Amino acid sequence: MTTIADIGKRLGVSKSTVSKALNNAPDISETLRKTIVETAVEMGYSKLRQNKKEQKKLCILVENMDYTNELHFGYQIIIGFRQLAEPAGYQVDVIPLDTAMQRSMGFDAFMLQRHYPGAFILGMALNDPWMNDLQTSHTPAVLYDNYIPENPATCYVGIDNSEGMNLAVKYLKNLGHRKIGYLSTSLGSYITQVRHRTFFSALRKNGLKSDPRLAGISFHVSECVQKHVPKLIEQGVTAIICCHDQMANATMVQCREAGLKIPEDISIVGFDDLPICAYTEPPMTTVRQDQLLLGKCGYQALESLLEGVPVGTLLLHASLVERQSCGDCGRVKID
């Protein structure tokens, strides 16, 4: 294993200088610190063994996800992670993430400089700088709803979206629906791509037509429902599955404004089971993600990676929560 002496020899500086740089001592210039940290990462240095007096730490990096109160999707995920990590002796730091931070320093360097042996990452987009870093990173990292192929230091945690989408399509088919539409925000994240793909595979699995025109995609939720809900209705769609609950709620509003009754005229299914789903008008049928269990899975996967077990994917089973936004189809002829 690479030692601080090896790093010092490479750069022509003392072991104490390397140690100071890696421990953020104030008497080291920022330029030298950056050079030492980047060289340490390049040489594969890893500070996995911590001083016994030093608090063991893990971090949760959060981007593009609300998490500060119990109504937010990320709140229970973080609680679940902490429920397992803290009794195991870890301090868990929650760190907001943005592209500027990612551009300023590579992922491995960030983790090394702050003495985090591993991270649970929530909400990263496919075009984020660190998504490239994670292709070849060495620091254990678990990603919620993001998959990094061929890197044994990373793991993907989520629910089985294929199973969830199939549950929704099968449920609607059993209610008599034969023409089902789909609405999604832009396919700029791994999970929106997965749900878009699994929607069409679920249609085929259930013997339904999988016409590409049945899917409407736009960057913003408001733009998506205003543009695509009328088009789906014109095609004779009697049910719509949405990529997430906010989209489903906006779709119900748009349908009511168009004079449609829910579920008498059209059925709506969401995805995630946010707290608002029980209070929408009408209460929303949705595919449930158990955020607390997802957080616990995040810790268990990270613990495995830290122990050298290269777990690649950990998926929870999906479940469908049936509420009043779906009903029997009375407007279409069953083929």
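Residues numbered from 1 in each chain as written. Predicted model: local features only at pLDDT ≥ 70, side-chain atom pairs only at ≥ 80, totals over all residues. Heavy atoms only, no water.

As named in an unreviewed UniProt entry, the protein chain is LacI family transcriptional regulator, taken from Candidatus Fusicatenibacter merdavium.

Caption draft 1: Molecular detail of the overall build of the protein chain. A tally of helices and strands in the protein chain yields 12 helices and 12 strands. Residue burial in the protein chain is summarised as follows: out of 335 residues, 50% are buried. Taking the intrachain contacts of the protein chain between residues at least 6 apart in sequence as the baseline, contacts between residues at least 24 apart amount to 69%. Accessible surface, the protein chain: about 15800 Å² in total, of which carbon and sulfur atoms supply 50%. Taking the 34 positively charged and 35 negatively charged side chains of the protein chain as two groups, their mean positions are separated by 3 Å. (Helix = DSSP H or I, 4+ residues; strand = E, 2+ residues; numbered from the N terminus. Buried < 20%, exposed > 50% of the residue type's maximum accessible area, 1.4 Å probe, protein only. Contact = heavy atoms within 4.5 Å. Areas by Shrake-Rupley, 256 points an atom, 1.4 Å probe, with all protein chains shown as cover. Lys, Arg positive; Asp, Glu negative; His and termini not counted. Charge placed at Lys NZ, Arg CZ, Asp CG, Glu CD.)

Caption draft 2: View of the sheet that holds strand β10 (residues 285-288). Judged by pairing direction, the sheet is mixed, and its 6 strands sit side by side in the order β7-β6-β8-β9-β10-β12 without closing on themselves. The sheet is open, and its two edges are formed by β7 (215-217) and β12 (319-321), each paired on a single side. Neighbour-to-neighbour, the strand axes of this sheet turn through a mean angle of 20°, independent of strand direction. Taken together, the 3 bridges between strand β6 (residues 180-184) and β7 define a ladder with parallel strand orientation. By the bridge assignment, Leu 183 is partnered in β7 with Gly 216. Across the face of the sheet, helix α8 (residues 161-174) comes into contact with β6, β8 (239-242), β9 (267-272), β10 and β12 while running at roughly 165° to β9. Its contacts with the sheet put helix α9 (residues 190-205) on β6, β7, β8 and β9, and the angle it makes with β6 is roughly 175°. (Pairing = 2+ DSSP bridges. Axes fitted to C-alpha atoms, helices over the stretch in contact; angles between N-to-C directions.)

Caption draft 3: Examining the sheet that holds strand β1 (residues 56-62) more closely. The strand order β2-β1-β3-β4-β5-β11 describes an open sheet built from 6 strands, whose pairing is parallel. The open sheet has two free edges, formed respectively by β2 (90-96) and β11 (313-316), since each of these has just one partner strand. Neighbouring strand axes in the sheet, compared pairwise and without regard to direction, differ in orientation by 20° on average. Two strands pair when backbone bridges link them, and β1 and strand β3 (residues 119-122) are joined in this way by 4 bridges, in the parallel orientation. Bridge assignment links Ile 60 to a residue of β3, and that residue is Phe 120. Against the sheet, helix α12 (residues 291-306) engages β1, β2, β3, β4 (141-144), β5 (154-159) and β11, with an angle of about 160° to β5.

Caption draft 4: Summary view of the state of the cysteines. Under the defined criterion, the tally for this structure stands at 0 disulfides. Unpaired in this structure, Cys 255 has its nearest cysteine sulfur neighbour in Cys 242, at a distance of 8.5 Å. Cys 297 takes part in no disulfide bond, and the closest cysteine sulfur to it belongs to Cys 155, at a distance of 9.2 Å. (Disulfide = S-S within 2.5 Å.)

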